[in-house]
Amino acid sequence: MSNSIDEEKTTFLNVDLDIISKSRLEPLVAAFGKKVSVLYVGAERSFQVAHLELGGPRFAKSADMAIRALAALVRQLPRKVRRLWNHARVKDFNIGIQAGYKPHSSVLPLNVETISAVARLGARVVVTVYSPLEVSKTEVRPENVNKGVQAAQQRVSTAARHQPKRAARSRT
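For clarity, every value in this text was computed on a predicted model and none was experimentally measured.

(A) Broad picture of the packing of aromatic side chains. Evaluation of the coordinates by the stated rule reveals 1 aromatic pair. The ring of Phe47 has Lys22 sitting right over it, with the charged end atom 4.5 Å from the ring centre.

Structure follows, in structure tokens:
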């Protein structure tokens, strides 16, 4: 039996290694071998991207452990492949968190050594928090909200244009 939504707990999910480059990233991904799971590698718009996470038994129980393991894999890359890493535009260790309603707050510590390792690789630590609410197909999207705001502004503008006329009529 599944828990009701208010019983869901905030949970660390995983750390993705997200890489964006002008160069093809397949050789870089191949150099990691089976030590990573490939979520996606290929073209996105005018860039080449790779989204990876630790594979197999290397799955980490904490963000700190996962980042350290992924950083070690990057440090072990052969020199030629390491150049692809060094020239990538974006190198993110992306911590995934599933938000919940309990506990009230959660702490996700990263050791100084872990942050230093990321910095030495010229990378960033980013955090993605997933809402505890299920997204529906009828969700209000920003582009639709803007249309609604524009329509409301037009109604206010139209009402304002008519307001002085009404006030002037009531004085006479």
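(B) How the structure looks around helix H2 (residues 63-75). If you check H2, its first and last C-alpha atoms are 18 Å apart, about what 13 residues at 1.5 Å a residue would give, namely 18 Å. Along H2, the residues that are buried comprise Ala63, Asp64, Ala66, Ile67, Ala69, Leu70, Ala71, Leu73 and Val74.

(C) How the structure looks around the sheet that holds strand E4 (residues 90-98). Taken in spatial order, the 5 strands of this open sheet run E2-E3-E1-E4-E5, and their pairing is mixed. Of all strands in the sheet, those with a lone pairing partner are strand E2 (36-44) and strand E5 (124-130), marking the two edges. Looking at each pair of strands side by side, their axes are set apart by 25° on average, direction ignored. Where strand E1 (residues 11-21) lies against E4, 9 bridges are found, and the strand directions are antiparallel. Bridging across to E4, Ile20 finds its partner in Val90. Of the strands in this sheet, E1, E2, strand E3 (47-54), E4 and E5 are in contact with H2, which crosses E1 at around 30°.

Conventions and cut-offs
Residues numbered from 1 in each chain as written. Predicted model: local features only at pLDDT ≥ 70, side-chain atom pairs only at ≥ 80, totals over all residues. Heavy atoms only, no water. Phe/Tyr/Trp six-rings, centres within 6.5 Å; stacked < 30°, edge-to-face > 60°. Lys NZ or Arg CZ within 6 Å of the ring centre and 35° of its normal. Helix = DSSP H or I, 4+ residues; strand = E, 2+ residues; numbered from the N terminus. Expected span 1.5 Å × (residues − 1). Buried < 20%, exposed > 50% of the residue type's maximum accessible area, 1.4 Å probe, protein only. Pairing = 2+ DSSP bridges. Axes fitted to C-alpha atoms, helices over the stretch in contact; angles between N-to-C directions. Contact = heavy atoms within 4.5 Å.

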